[in-house]
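Each chain, letter by letter, is given below.
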Amino acid sequence: EDDTLQVHVLKPGWKEFVQRHALGRFQCSQCFHEWSSAKAHVLFHMRRHRGWGTVCMRAFRQACRRCPNPQLEEPDFSLETTETLLHNLVLKILEYCYGVHVRPSDLLEVVVDALVAGPHDSARCEGCQLGVC
């Protein structure tokens, strides 16, 4: 994990993949309010160098709308969502690092299996603030 990763800001030789619209669950560390968001995004930077591969990731955080001075909270992902994220990441590694042709239809969509109430709160979304949403 690397919270300093930025979208479209890559070191030479690195490639980027952004998994958008994953279903994340959040809990406020101050008031313990819980919420789900279908706009939890994960940024991956990857490279293959001298036969070795490195992947760095950043999950974009969200803040509680109930607290006056909330902290940004990390998303939790279900096992199914995590498997989908990893499936898509592996396909992107195959494409970027090994030249395997990957069709857009090969990538899996994250299934939103929970009730997501209310509009997306852009003011409290780290992804929106950094231009990912």
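From a predicted model like this one, the values you see are computed outputs, not experimental measurements.

So, how was this worked out
- Residues numbered from 1 in each chain as written.
- Predicted model: local features only at pLDDT ≥ 70, side-chain atom pairs only at ≥ 80, totals over all residues.
- Heavy atoms only, no water.
- 1 Å grid on protein atoms, 1.4 Å probe; cavity = no way out; pocket = protein on both sides within 12 Å on 5 of 7 lines; lining within 4 Å.
- Points joined across faces, edges and corners; volume = space filled by probe spheres on them.
- Nonpolar A, V, L, I, M, F, W, Y, C, P; charged D, E, K, R; others polar.
- Core = buried A, V, L, I, M, F, W, Y, C linked by side-chain atoms within 4.5 Å.
- Buried < 20%, exposed > 50% of the residue type's maximum accessible area, 1.4 Å probe, protein only.
- Helix = DSSP H or I, 4+ residues; strand = E, 2+ residues; numbered from the N terminus.
- Contact = heavy atoms within 4.5 Å.

Student: Explain the layout of surface pockets to me, please; I cannot follow it from the model alone.
Tutor: Using a probe with the size of a water molecule, rolled over the atoms, empty space left in the structure can be pinpointed. In this structure, the second largest pocket encloses a volume near 170 Å³. Taken together, Asp2, Thr4, Leu5, Gln6, Val9, Leu10, Lys11, Trp14, His45 and Cys56 make up the lining of the second largest pocket. Of the residues assigned to the lining of the second largest pocket, the class counts are five nonpolar, three polar and two charged.

Student: I would appreciate a short explanation of the nonpolar core in the present structure.
Tutor: Where a protein is soluble and globular, its nonpolar side chains tend to be buried together. Of all hydrophobic cores here, the largest spans 10 residues; its members are Phe17, Ala22, Leu23, Val42, Phe44, Met46, Ala59, Leu85, Leu89 and Val110. Every element with two or more residues in this core is listed here: β1 (15-27), β2 (34-49) and α1 (79-98). In this structure Met46 touches Gly13, Trp14, Lys15, Phe17, Thr54, Val55, Leu89, Lys92, Ile93 and Tyr96, once residues within four positions along its chain are discounted. In terms of nonpolar packing, the next biggest core, distinct from the first, is built from eight residues, Leu5, Leu43, Cys56 and Val132 among them.

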